[in-house]
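Chain by chain, the residues run as shown.
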Amino acid sequence: MTHAKLTSLMARGAEFLGCETAILCGAMSWVSERHLVSAISNAGGFGVIACGAMTPELLDAEITATKALTERPFGVNLITMHPQLFDLIDVCARHDVTHIVLAGGLPPKGSIEAIKQKGAKLICFAPALSLAKKLIRSGVDALVVEGMEAGGHIGPVSTSVLAQEILPDIAEQVPVFVAGGIGRGEAIAAYLEMGAAGVQLGTRFACATESIAHPAFKKAFFRASARDAIASVQIDARLPVIPVRSLKNAGMENFTAKQREVANLLDSGAVDMMEAQLQIEHYWAGALRRAVIDGDVDGGSLMAGQSVGMVTKEEPVAAIIAELMMQAAGALERRAA
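One structure accompanies this document, and this report is about it. For clarity, every value in this text was computed on a predicted model and none was experimentally measured.

As for the overall build of the protein
Inference 1: Helix and strand content of the protein: 13 helices and eleven strands.
Inference 2: A compact globule built from 337 residues would reach a C-alpha radius of gyration of about 20 Å, and the protein, at 19 Å, matches this within 12%.
Inference 3: Along the longest, intermediate and shortest principal axes, the C-alpha atoms of the protein span 65 × 45 × 40 Å.
Inference 4: The burial tally for the protein puts 55% of its 337 residues in the buried class.

This is the structure we're talking about:
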């Protein structure tokens, strides 16, 4: 009976995504690639390729490789500031990618129309109620409400506050997926009961058996507690730097130095604001690769949400999803008793 309740609460999100369980995997650069994405989709969730700074050619190859590992739907996360965004949209269209997630700011002019004209469903991030309403008016099909507890790029407001602010107004208009700091099924059940169509988790999947992340990267997660996942600090108000949540290490300190370097380039006129922001993004992409692929857990970036303390061992994606669903069902059963 309780699993029927959980299935009912997830029905809208699962139908929208075309999967069994309305659990999205957050797009994590270098981590959310063919192996993890296909494993999540094969386990009944919804995997999302993290395009990041990929060229159209690299994305084409990654989608092809993912399709060879799963026949189930998966999405692609594109960064709005990517200089070849429209070429990347075309790549997704050629592969009949069913869902595109736009991240990193407001969709640039023409991008929403380009995505929807090719038949894909569009998911965007809404860090505030006003922006959620604006995106819906623009034609977005679904929203992710992500709080500051998440890993990677974050906004200033907590998940619980955003959910309370946005779900009552928006949940009936489009499917809303709640993200940030979710590590157990009890939290999933709570957000579903508040009106969410589903949830998005990243940190919980980063160290799955199917994740290609370096053993040293995974070990750093297993050893970490919630308080170790800290947000980066902006040192120059002119720089359009979105805070990033990562485990505290030398790589986080190096980011402060990188900001000073880019600020000096702005002062000298050597770069414009767009180039400055791209340099910041390239820093994170490179630092993350060093940690995830090379295992440099000191100088690289260990992007992690505050739910990292609930990541204690390497286990298959299917086991993680099954545990989350069991916990959510149990929570619903206790509330119904």
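The discussion continues.
Focus on unusual backbone geometry
Inference 1: Even without being a glycine, W30 presents a positive backbone phi close to 70 degrees.
Inference 2: Along the polypeptide, W30 turns up in the loop between β1 (23-25) and α2 (34-42).
Inference 3: Overall, the relative accessible area of 36% leaves W30 in the partly exposed class.
Inference 4: For D96, which is not glycine, the phi dihedral falls at a positive 55 degrees.
Inference 5: Here D96 lies in the loop between α4 (85-94) and β4 (99-103).

What to know about the packing of helix α11 (residues 250-268) against helix α12 (residues 273-292)
Inference 1: Two elements in contact, α11 and α12, have axes separated by 10 Å at closest approach and are oriented at 160 degrees. Viewed along their axes, α11 and α12 adopt a mutual orientation that is roughly antiparallel. Of the two possible hands of crossing, α11 and α12 adopt the one that is right-handed. Of the residues in α12, those in contact with G251, M252, N254, F255, K258, Q259, E261, V262, L265 and L266 of α11 are M273, A276, Q279, I280, Y283 and W284.
Inference 2: Residue classes in the contact of α11 with α12 are distributed as ten nonpolar, four polar and two charged.

Some thoughts on the sheet that holds strand β2 (residues 48-50)
Inference 1: The parallel open sheet is built from eight strands, whose spatial order is β1-β9-β8-β6-β5-β4-β3-β2. Two strands in the sheet have a free side with no partner beyond their single neighbour: β1 and β2. Strand-to-strand twist of the sheet, defined as the mean angle between neighbouring strand axes without regard to direction, takes the value 25 degrees.
Inference 2: Pairing between strand β8 (residues 176-179) and strand β9 (residues 198-201): three bridges, direction parallel. Across the sheet, the residue bridging to F177 is G198, located in β9.
Inference 3: Each of β3 (75-79) and β4 touches α4; the most contacted strand, β3, lies at about 175 degrees to it.

Description of helix α8 (residues 185-193)
Inference 1: Within α8 the residues assigned to the buried category are G185, I188, A189, Y191 and L192. Viewed along the axis of α8, the buried residues span an arc of 170 degrees, placing them on a single side of the element.
Inference 2: Backbone geometry just downstream of α8 places G195 in the positive-phi region, at approximately 120 degrees.

Re empty space enclosed by the protein
Inference 1: Across all of its chains, the model carries one cavity of 30 Å³ or more by this definition.
Inference 2: Of the volumes computed, that of the largest cavity is approximately 40 Å³.
Inference 3: Surrounding the largest cavity, I89, C92, A93, D96, V97, I100, I115, K118 and A120 form its lining.
Inference 4: The dominant element in the lining of the largest cavity, judged by the number of residues it contributes, is α4, at three residues.

Things to note about α11
Owing to its 3.6 residues per turn, the α-helix brings residues three or four apart onto one side.
Inference 1: Here α11 is 19 residues long and its end C-alpha atoms lie 28 Å apart, about the 27 Å a rise of 1.5 Å per residue gives.
Inference 2: Packed against the buried residues of α11 are β10 (229-231), β11 (244-247) and α12.
Inference 3: If you check the start of α11, you find a side-chain oxygen 3.1 Å away from the backbone N of G251, and it comes from N249.
Inference 4: The first or second residue beyond α11 is G269, which carries a positive phi of 80 degrees.

Concerning the pairing of β8
Inference 1: Judged by which residues are buried, β8 turns out to be covered on both faces: V176 and V178 on one side and F177 and A179 on the other are all buried.
Inference 2: With four bridges connecting them, strand β6 (residues 142-146) and β8 associate as parallel partners. Within the sheet, the bridge partner assigned to V145 lies in β8 and is V178.
Inference 3: Taken together, β8, α8 and β9 form a β-α-β motif whose crossover is right-handed.

Concerning the packing of aromatic side chains
Inference 1: For the structure shown, the criterion picks out five aromatic pairs.
Inference 2: Where F16 meets F177, the ring centres are 6.3 Å apart and the plane angle is 40 degrees; that geometry is what we call tilted. Separated by 161 residues along the polypeptide, F16 in helix α1 (residues 2-17) and F177 in strand β8 bring together distant segments of the chain. Across the pair, F177 and F16 agree in class, each one buried.

Details of the pattern of salt bridges
Inference 1: Applying the stated criterion across every chain, the model contains twelve salt bridges.
Inference 2: R184 serves as the salt-bridge partner of E186, at 2.9 Å between the closest nitrogen and oxygen.
Inference 3: Classification of E186 by relative accessible area gives partly exposed; the value is 23%.
Inference 4: Residue E186 is joined to R334 by a salt bridge in which the shortest nitrogen-to-oxygen separation is 3.9 Å. With E186 in helix α8 and R334 in helix α13 (residues 317-336), this pair connects stretches of sequence that are 148 residues apart.
Inference 5: What you see here is one network of salt bridges that share partners, running through R184, E186 and R334.

Conventions adopted
Residues numbered from 1 in each chain as written. Predicted model: local features only at pLDDT ≥ 70, side-chain atom pairs only at ≥ 80, totals over all residues. Heavy atoms only, no water. Helix = DSSP H or I, 4+ residues; strand = E, 2+ residues; numbered from the N terminus. Rg over C-alpha atoms; globule rule 2.2 N^0.38 Å. Buried < 20%, exposed > 50% of the residue type's maximum accessible area, 1.4 Å probe, protein only. Axes fitted to C-alpha atoms, helices over the stretch in contact; angles between N-to-C directions. Parallel < 35°, antiparallel > 145°, perpendicular 65-115°, else oblique. Left-handed = near helix turned anticlockwise from the far one by under 90°. Contact = heavy atoms within 4.5 Å. Nonpolar A, V, L, I, M, F, W, Y, C, P; charged D, E, K, R; others polar. Pairing = 2+ DSSP bridges. Arc of directions from axis to C-beta. 1 Å grid on protein atoms, 1.4 Å probe; cavity = no way out; pocket = protein on both sides within 12 Å on 5 of 7 lines; lining within 4 Å. Points joined across faces, edges and corners; volume = space filled by probe spheres on them. Expected span 1.5 Å × (residues − 1). Polar contact = N/O pair within 3.5 Å; in protein donor to acceptor, adjacent residues only side chain to side chain. Right-handed = clockwise from strand over helix to strand, strands pointing away. Phe/Tyr/Trp six-rings, centres within 6.5 Å; stacked < 30°, edge-to-face > 60°. Salt bridge = Lys/Arg side-chain N within 4 Å of Asp/Glu carboxyl O.

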